[in-house]
Amino acid sequence: MTKRHRTIATSAAVGLVVAGGHFIGAGSAHADDVKPSVPPGTEPSAAAPVAIDSNAPGLKIPQGGTLAPVKVLDIAEVVEDLGGEQRRQETNETVMMALQSEVLFPEDSAAFNAQAAARIQAIGNEINQSKATRIRVFGFTDDQGSYEHGKELSKQRADAVHAELTKTVTNPGVTFDVRGYSEDYPIADNSTEEGRKKNRRVEITFPRGAS
């Protein structure tokens, strides 16, 4: 059984078109090709907005000007199985699969259990179908134990998933970004065992294929 969450994030690219075809105040969005320093979706939020005077002359539409149409930049949909062992998040651009460590590894280990390979192979087959060539494999732990041990364990687990994926992913020119983040970037409350189980995870992210 799965439970489904839908999160819609919209951004308005608003500009002013004036006589003569000039465009004033246009917003723009672009994809960043640089490798991320933090997991996708965990980048710091923008700073608080500055105070705006709604009567400022520069905010008024010039005579004859019109607003550019609103654009939806991204839609995120999250599906999680009932036990939270596997979590799938899709946006317009990417697919992220998060697997709890307990379904892949024994406690405090980076050695696969009996069911792990089949789970990773299924994700590898989907990566092949999407023809993805850039794949992120990020490991995480809870906040129990030392940060340094968590860093080493999360990287070892990410390495193990990466090694298994390479057996299945056959797309030419594929590259992997493999990292361990220890207890950084929790997705649940570390004060409960249920939350800690969700935080002990490996995330596999790849570009979404054409539909």
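Above this text you will find the structure in question.
This structure is a prediction, so every number in the text was calculated from the model and none was measured. (Residues numbered from 1 in each chain as written. Predicted model: local features only at pLDDT ≥ 70, side-chain atom pairs only at ≥ 80, totals over all residues. Heavy atoms only, no water.)

Draft legend 1. Expanded view of the pairing of strand β9 (residues 175–180). Two strands pair when backbone bridges link them, and strand β8 (residues 134–140) and β9 are joined in this way by six bridges, in the parallel orientation. Residue pairing in the sheet places Arg136 in a bridge with Asp177 of β9. Assessed by its sense of winding, the connection that carries the chain from β8 through helix α2 (residues 147–168) to β9 is right-handed. (Pairing = 2+ DSSP bridges. Helix = DSSP H or I, 4+ residues; strand = E, 2+ residues; numbered from the N terminus. Right-handed = clockwise from strand over helix to strand, strands pointing away.)

Draft legend 2. Expanded view of the packing of aromatic side chains. Inspection of every chain in the model, using the stated rule, returns four aromatic pairs. On the basis of an interplanar angle of 80 degrees and a centroid distance of 5.4 Å, the ring pair of Tyr181 and Tyr185 is categorised as edge-to-face. On the accessibility criterion, Tyr181 (6% relative accessible area) is buried. Cluster of aromatic residues (ring-pair linked, three or more members): Phe138, Phe140, Tyr181 and Tyr185. (Phe/Tyr/Trp six-rings, centres within 6.5 Å; stacked < 30°, edge-to-face > 60°. Buried < 20%, exposed > 50% of the residue type's maximum accessible area, 1.4 Å probe, protein only.)

Draft legend 3. View of α2. Taking 1.5 Å of rise per residue, 22 residues should cover 32 Å, and α2 covers 32 Å from first to last C-alpha, within 8% of that figure. Listing the buried residues of α2 in full gives Gly150, Leu153, Ser154, Arg157, Ala158, Ala160, Val161, Glu164, Leu165 and Thr168. Looking down the long axis of α2, one finds its buried residues gathered within 155 degrees of arc, a one-sided arrangement. Exposed and facing more than 90 degrees away from the buried side of α2 are Glu148 and Lys167. Of the surrounding elements, those touching the buried residues of α2 are α1 (116–130), β8, β9 and β10 (201–207). (Expected span 1.5 Å × (residues − 1). Arc of directions from axis to C-beta. Contact = heavy atoms within 4.5 Å.)

Draft legend 4. Molecular detail of the pattern of salt bridges. Considering all chains together, one arrives at twelve salt bridges under this definition. Arg88 is the partner of Glu90 in a salt bridge, and the nearest nitrogen-oxygen pair spans 2.8 Å. Among the residues examined, Arg88 registers a relative accessible area of 22% and is labelled partly exposed. With a closest N to O distance of 2.4 Å, Arg200 and Glu102 form a salt bridge. (Salt bridge = Lys/Arg side-chain N within 4 Å of Asp/Glu carboxyl O.)

Scope: geometric values only; no functional claims are made or implied.
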